[in-house]
Amino acid sequence: MRIRILMVGNNAEYLAPDAEMLRDRGFAVYTCSDNIVSEMIEEIKPSVVFVNPDAPGLSSTKVYHELLDNIHYASLPVIYTLSEDDVYLVNRKRTASRDKRNMICDNVIDSIKTALLADTAFTKRKRVKLHGNYPTSLYATRA
């Protein structure tokens, strides 16, 4: 099953190069304008919503905040382009732990991977045996 990405923006020509690049990498990409986002989400059930406005402003931030505030979209990761394809704000699904929910990435593919990672990928830690207050390896404590 392919990963479905819904790209939201206020200019269809601006979304076309990113959409084509993601399609070449095997993603199913759908584009829509700012005013029909909820209908498109209900219709295609995307894995990730990618808000990529031509000129960031009130309409794109309104769409972004409506997606984050709506309880129906709590399990839907949202990616927002901060500055002309240089920085991406990744909001993983709201069921992830709070301190690992919001991140910043520097390219599209990494932001999609980060948005879709399971919560356990961020919480796996290596067990380290403490000797006093200092972490030491298990071999060092036996010697």
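Residues numbered from 1 in each chain as written. Predicted model: local features only at pLDDT ≥ 70, side-chain atom pairs only at ≥ 80, totals over all residues. Heavy atoms only, no water.

**Here's the deal with the packing of aromatic side chains**
Moving on, step 1. For the structure shown, the criterion picks out two aromatic pairs.
Moving on, step 2. When the centroid spacing of 5.8 Å and the interplanar angle of 45° are considered together, the rings of F50 and Y88 count as tilted. Remark: Y88 occurs in strand β5 (residues 88-91) and F50 occurs in strand β3 (residues 48-51); sequence separation between them is 38 residues.
Moving on, step 3. With a relative accessible area of 2%, Y88 lands in the buried category. (Phe/Tyr/Trp six-rings, centres within 6.5 Å; stacked < 30°, edge-to-face > 60°. Helix = DSSP H or I, 4+ residues; strand = E, 2+ residues; numbered from the N terminus. Buried < 20%, exposed > 50% of the residue type's maximum accessible area, 1.4 Å probe, protein only.)

**Observations regarding the environment of D18**
Moving on, step 1. Looking at where D18 falls in the secondary structure, it is placed in helix α1 (residues 12-24).
Moving on, step 2. With a relative accessible area of 12%, D18 lands in the buried category.
Moving on, step 3. C-alpha of D18 to C-alpha of V29: the two residues are eleven residues apart in sequence and 9.5 Å apart in space.

**A few points about α1**
Moving on, step 1. Its 13 residues give α1 an end-to-end C-alpha distance of 18 Å, which sits within 8% of 18 Å, the value for a rise of 1.5 Å per residue.
Moving on, step 2. At D18, α1 is deflected by roughly 25°, the largest bend along its length.
Moving on, step 3. When we look at burial in α1, the residues that qualify are L15, D18, A19 and L22.
Moving on, step 4. The inward-facing, buried residues of α1 abut β1 (4-8), β2 (28-32) and α4 (108-116).
Moving on, step 5. The N-cap of α1, judged by a side-chain oxygen 3.2 Å from the amide nitrogen of E13 a few residues on, is N11. (Expected span 1.5 Å × (residues − 1). Bend = angle between axes of the 7 residues up to and from the residue. Contact = heavy atoms within 4.5 Å. Polar contact = N/O pair within 3.5 Å; in protein donor to acceptor, adjacent residues only side chain to side chain.)

**Brief notes about the pairing of strand β4 (residues 78-81)**
Moving on, step 1. Going residue by residue along β4, you find V78 and Y80 tucked away on one face and I79 and T81 tucked away on the opposite face as well.
Moving on, step 2. Judged from the three bridges that link them, β3 and β4 form a sheet pairing that is parallel. Note that in β4 the partner of F50 across the bridge is I79.
Moving on, step 3. With four bridges joining them, β4 and β5 adopt antiparallel strand pairing. When the bridges of β5 are listed, I79 appears paired with V90. (Pairing = 2+ DSSP bridges.)

**Here's the deal with the sheet that holds β2**
Moving on, step 1. The sheet built from six strands is open, its strands ordered β2-β1-β3-β4-β5-β6 with mixed pairing. With partners counted over all chains shown, the strands left at the sheet margins are β2 and β6 (102-105), one partner each. Sheet twist, expressed as the average angle between the axes of neighbouring strands with direction ignored, equals 20°.
Moving on, step 2. Here β1 runs beside β2; their pairing, made up of five bridges, is parallel. Note on β2: the bridge partner recorded for V8 is C32.
Moving on, step 3. Relative to β1, helix α2 (residues 37-44) is tilted by about 170°, and along the sheet it contacts β1, β2 and β3. (Axes fitted to C-alpha atoms, helices over the stretch in contact; angles between N-to-C directions.)

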